[in-house]
Amino acid sequence: MAYDYRPFPYTAPPGLTAPEPRHKVVIVGAGPIGLALAIDLAQYGVPSVVLDDNNVVSVGSRAICWSKRSLEILDRLGVGAKCVDKGVIWKVGRTLHRDAEVWNFDLQPEPGHKMPAFVNLQQYYVEEYLVTRAMEFPDLVDLRWKNKLSSLTQTDHVTLTVETPDGPYSLEADHLVACDGARSDIRGMMGLDFDGELFEERFLIADIEMQGDFPSERRFWFQPNFHPGQSALLHKQPDNIYRIDLQLGWDADPEAERQPDRVIPRIEKAIGHRDFRLDWVSVYTFQCRRLARFVHGRVIFCGDSAHIVSPFGARGGNGGLQDVDALGWRLAAVAKGHDPAILNAYDRERQHGADENLLNSSRTTRFMSPAPGAERMFRDAVLTLAAKAPFARPLVNSGRLSAPCTYPSIGADDPQLPTLSRPGSVAPDAPLPQGWLIDQLGREPILLAIGQPAPKVAGLKTLELAPTPQLQTRYLGSAPSALYLIRPDQIIAARWLSATPAVISEAAKSIWKDRT
Amino acid sequence: MSLVTNPNLKAPDTAYAALLAAHKGMTEPESQALNARLVLILMNHIGDDAVLAEAFDLARSTG
Ligand SMILES: Cc1cc2nc3c(=O)[nH]c(=O)nc-3n(C[C@H](O)[C@H](O)[C@H](O)COP(=O)(O)OP(=O)(O)OC[C@H]3O[C@@H](n4cnc5c(N)ncnc54)[C@H](O)[C@@H]3O)c2cc1C
C-alpha cells in the first residue's frame, strides 16, 4: 500500500516574538542525517534546534539499502529494531548480462552479529521512526518544520535568518550543522563548491507496487533484452513496493522520461506484465563529489551537503550516518565546553570515509556507464568473459555495497591480533552469554579486557569477558588475551596484549584530542 | 618479482603466428574486442600488481 504522508505540525517559533537565547547547536535539515544527529546529541544530554523547510518525510523511497553498520548506529539511537522489523532482509545479489546470470554474491555474514548485513527500507520510514524517536526528547530536540534558513553569517558564533509561514526571525548558535542535503543552500551561502566528477549519465528511479513473488534479492542487469544497451536494477522493499532503476543515457530528456506514459511501458518490459501501480518516479544524475573540508569554523557539514555519490553501493545514506557517528560524541563534548579542535578529527576521518565511498562509487559508475573507446571495450570484455571464466566475475561492478572504512589511526596496535579489529575499525559485534557485545560499547570510552583482568584506570569504564569462539576469532587471533580501548562511536582506539594503567590512561585521554 | 623484459618465449615465431591466428578472419572491432579479452585473461594470469604496473609503464612509454 502507498505510504501515508502525514504533515508534521508547524508551530510559530518563539524567535518571531522575542529574541531567543543563543543555542548551542542548530541543525539545518531534518533528513535522516540531521534527525540522527539531533537524537545522538540528545542522548548525550545536548539540546539542539532542527530547522526544516518542509513538513513531511522523504518523498519517494530514495535511500533504501541500510547496511549493518547503519543498523548498529540506528540501534544506538533507539530505532534499530523498528527498522529491522519493518525492513526486507536480503543477502543475495545477482548480476545478469543479456538476461543470463554472470555473477552472484551472498552477503550473509558469519553468524553471531545482532544486525543483518542489509535491510531494504524506504527512506521515509527511517525518517518517520527518527522523528518519532526525536519527539521522545521534547526538552532536547526542538523540531521546527516549515522553517527555512535563508541567510547566515559567522563570527565567534553563527547568526541565521529563518523564514516561516509567519515571516522571518533570527537565531544565534554556537555551532551550525549543515544537514541540508545534496543541494545545500548553506554551501551556496558560504560560496563553497564541490570538487569531483559529474558523470554524464541519468537513471530513471521508480517505486512500483505489485503483488509479485519476486525473491528478496538484488538484481542487476547489464544490457538486458528488455532495455537494450543500458542497465537496470530491481530491489524489493516492504509493503510490496519494488524499486526499479533504469539507465537512460545522457541524451535523455529528464522531464519527458518521467511522464507515466513513458515510464509505464518501460517497466512493463522489465517485469513482464502491467499489473502494477506507479508510486513514485524520479530522474537522477550521477555525481561523485565532495567539499574539500567539512568543518568551516563553526559551520559543520554532514551527510549529502558534504559529499554525494552515485546510488549504486548505497553509500549516500549509509555514509551520512557514519558522519553522524563520528560527529555526535565530539560535538556533544564541545557543547559541554571541550576544545573545539576535536572537530578537526571529525573532518579528517570523514574526508577519509568520503574518499573511500567516492572511489568505490565512481569506479562502479565507470563500469556501468563506460566512456566510448577503451573503457567501453574493456567493460564489454569483462561481461563477455564473466559468463565463462570465473576470474572475470569479481571484475563485474554493479555496486560495491557500503562498508565502514577503517580510519587511519595512530593508536597502539599489536600485529599478533586480528586485522579485522585493528585500531580505526568498528569494533566487531559478538554474542555474549547475555545479549550482544555491540550493546555494551559506545556512548563513552570503554576498556574491553578479554581473557585477562582489566587494569583499573580512574574514570574509565571496563568490561571483562571470558574468551568465546567468536571473541577469539574477532579479537584475539592466536593471542590468549588482549585489551581493547573503544571510543564512544564504537571505533577501536588502541589495543594491547597487555598494558599498564598509565599507558591505557594516556590512550584514553588522546581519544579526546585532535590527533594530527 | 618484476616484469620479464628479456626474451622468454621458447619459439618466438610460433608464438607470434599463434597470436595472428587468433585474430584471423576478424573485423577490426572484433580484433579489438579480442585483444581486450586477452589483456584481461593475461592480467589475471600474472596476478601481480607490481608486475602489471611495470607492464603498463612500458606499454605507455613506447609507441
Ligand atoms: C531521487 C533520489 C534517489 C536516491 N536514491 C538513493 C539510493 O538508492 N541509495 C542511497 O543510498 N541514497 C540514495 N539517495 C540519496 C539519499 O537520499 C541521501 O544520501 C540522503 O537522503 C542524505 O540525507 P541528508 O539528511 O544528508 O539529506 P536529505 O535527505 O536531502 O535532507 C536534507 C533536508 O534539508 C532540508 N533543507 C534543505 N535546505 C534547507 C534550508 N535552507 N532550510 C531548512 N531546511 C532545508 C530538506 O528539506 C531536507 O529535509 C537518493 C536521493 C535522491 C534524491
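Residues numbered from 1 in each chain as written. Chains lettered and ligands numbered in written order. Predicted model: local features only at pLDDT ≥ 70, side-chain atom pairs only at ≥ 80, totals over all residues. Heavy atoms only, no water.

1. Topic: the sheet that holds strand E19 (residues 307-308) of chain A
Residues and elements named next belong to chain A.
Okay, step 1: Reading across from one edge, E6-E5-E13-E14-E15-E12-E16-E19 is the order of the eight strands in this open sheet, with mixed pairing throughout. Looking at which strands have only one partner, the edges of the open sheet turn out to be strand E6 (100-106) and E19.
Okay, step 2: Of the strand pairs in this sheet, strand E12 (residues 195-209) and strand E15 (residues 241-247) are connected by seven bridges, and their pairing is antiparallel. The partner of Phe 203 across the bridge, within E15, is Gln 247.
Okay, step 3: Contacts from helix H7 (residues 260-271) reach E12, E15 and strand E16 (277-290), with the element oriented near 90 degrees to E16. (Pairing = 2+ DSSP bridges. Helix = DSSP H or I, 4+ residues; strand = E, 2+ residues; numbered from the N terminus. Contact = heavy atoms within 4.5 Å. Axes fitted to C-alpha atoms, helices over the stretch in contact; angles between N-to-C directions.)

2. Comments concerning the packing of helix H1 (residues 32-43) of chain A against helix H4 (residues 123-134) of chain A
All names here are of chain A.
Okay, step 1: For the pair H1 and H4, interaxial distance at closest approach is 9 Å and the crossing angle is 25 degrees. Overall, the two elements H1 and H4 adopt an arrangement that is roughly parallel. When the axes of H1 and H4 are compared, the crossing they make is left-handed. Note on element contacts: H4 touches H1 through Gln 123, Glu 127, Leu 130, Val 131, Arg 133 and Ala 134, opposite Pro 32, Leu 35, Ala 36, Ile 39 and Gln 43.
Okay, step 2: Residues belonging to the contact of H1 with H4 are distributed by class as follows: seven nonpolar, two polar and two charged. (Parallel < 35°, antiparallel > 145°, perpendicular 65-115°, else oblique. Left-handed = near helix turned anticlockwise from the far one by under 90°. Nonpolar A, V, L, I, M, F, W, Y, C, P; charged D, E, K, R; others polar.)

3. Some thoughts on the sheet that holds strand E7 (residues 118-120) of chain A
Residues and elements named next belong to chain A.
Okay, step 1: Read across the open sheet, the three strands follow the order E3-E7-E4; overall the sheet is antiparallel. Each edge of the open sheet is held by one strand with a lone partner, namely strand E3 (65-67) and strand E4 (88-89).
Okay, step 2: Across three bridges, the pairing between E3 and E7 is antiparallel. If you follow Cys 65 over to E7, its bridge partner there is Asn 120.
Okay, step 3: Against the sheet, helix H2 (residues 68-76) makes contact with E3 and E7, and its axis sits at roughly 75 degrees relative to E3, the strand it touches most.

4. Brief notes about the pattern of salt bridges
Okay, step 1: Per the counting criterion, the structure on display carries 39 salt bridges over all chains.
Okay, step 2: When the shortest N-O distance is used, the salt bridge between Asp4(A) and Arg6(A) registers 3.0 Å. (Salt bridge = Lys/Arg side-chain N within 4 Å of Asp/Glu carboxyl O.)

5. Observations regarding the interface of chain A and chain B
Okay, step 1: Taken residue by residue, the interface counts seven residues in chain A and eight residues in chain B.
Okay, step 2: Summed over both sides, the interface of chain A with chain B buries roughly 710 Å², with 89% coming from carbon and sulfur.
Okay, step 3: Contact with chain B buries area across many residues of chain A, yet Met377(A), Phe378(A) and Phe391(A) alone supply 61% of it, more than any other trio.
Okay, step 4: Applying the counting rule to chain A against chain B returns zero salt bridges.
Okay, step 5: Our enumeration of links across chain A and chain B arrives at zero residue pairs in polar contact (both at pLDDT 80 or more).
Okay, step 6: Of the residues assigned to the side of chain A that touches chain B, the class counts are seven nonpolar, no polar and no charged. (Buried area = accessible area lost by both parts, 1.4 Å probe. Polar contact = N/O pair within 3.5 Å; in protein donor to acceptor, adjacent residues only side chain to side chain.)

6. What to know about the domain arrangement of chain A
All names here are of chain A.
Okay, step 1: Each domain of chain A was delimited in the assignment, giving domain 1 (14-89 + 117-195 + 289-357) and domain 2 (419-510).
Okay, step 2: On a C-alpha basis, the centroid separation for the pair domain 1 and domain 2 is 30 Å.
Okay, step 3: Across the contact, twelve residues belong to domain 1 and ten residues belong to domain 2.
Okay, step 4: Of the roughly 960 Å² buried between domain 1 and domain 2 on both sides combined, carbon and sulfur atoms contribute 42%.
Okay, step 5: A per-residue breakdown of the area domain 1 buries against domain 2 is headed by Arg 69, Arg 76 and Trp 329, which together make up 48% of the total.
Okay, step 6: One salt bridge connects Asp 40 with Arg 443, and the closest N-O pair in it is separated by 3.7 Å.
Okay, step 7: Where domain 1 touches domain 2, the interface holds five residue pairs in polar contact (both at pLDDT 80 or more).
Okay, step 8: Among the elements of the structure, H1, H2 and helix H8 (315-335) are those that each provide at least two residues to the side of domain 1 that touches domain 2.
Okay, step 9: Residue composition of the side of domain 1 that touches domain 2, by class: three nonpolar, one polar and eight charged. (Domains from an automatic or database assignment.)

7. Side note on the packing of aromatic side chains
Residues and elements named next belong to chain A.
Okay, step 1: Scanning the model with the defined rule gives 18 aromatic pairs over all chains in all.
Okay, step 2: On the numbers, 4.4 Å between centres and 35 degrees between planes, the contact of Tyr 3 with Tyr 124 is tilted. In this pair, Tyr 3 sits in the segment before strand E1 (23-28) while Tyr 124 sits in helix H4, placing the two residues 121 residues apart along the sequence. Here the two residues Tyr 3 and Tyr 124 agree in accessibility, since each one is buried.
Okay, step 3: Geometrically, the ring pair formed by Phe 203 and Phe 286 is stacked, given 5.0 Å between the ring centres and 15 degrees between the ring planes. Here Phe 286 lies in strand E16 and Phe 203 lies in strand E12, a separation of 83 residues in the sequence.
Okay, step 4: Looking at Phe 203, the relative accessible area reads 1%, which means it is buried.
Okay, step 5: Grouping aromatic residues by their ring pairs yields a cluster made of Phe 203, Phe 220, Phe 222, Tyr 284, Phe 286, Phe 312 and Phe 367.
Okay, step 6: A cation over a ring is seen here: Arg 187 above Phe 194, with NZ or CZ 3.7 Å from the ring centre. (Phe/Tyr/Trp six-rings, centres within 6.5 Å; stacked < 30°, edge-to-face > 60°. Buried < 20%, exposed > 50% of the residue type's maximum accessible area, 1.4 Å probe, protein only. Lys NZ or Arg CZ within 6 Å of the ring centre and 35° of its normal.)

8. Focus on the packing of H1(A) against H8(A)
Residues and elements named next belong to chain A.
Okay, step 1: Across the interface, H1 lies against H8 with an axial gap of 9 Å and an inter-helix angle of 30 degrees. The pairing of H1 with H8 is recorded here as roughly parallel in orientation. H1 and H8 meet at a crossing whose hand is right-handed. On the side of H1, the interface is formed by Pro 32, Ile 33, Ala 36, Leu 37, Asp 40 and Leu 41, while H8 contributes Gly 317, Gly 320, Leu 321, Val 324, Leu 327, Gly 328, Trp 329, Leu 331 and Ala 332.
Okay, step 2: In terms of residue class, the contact of H1 with H8 is made up of eleven nonpolar, three polar and one charged.

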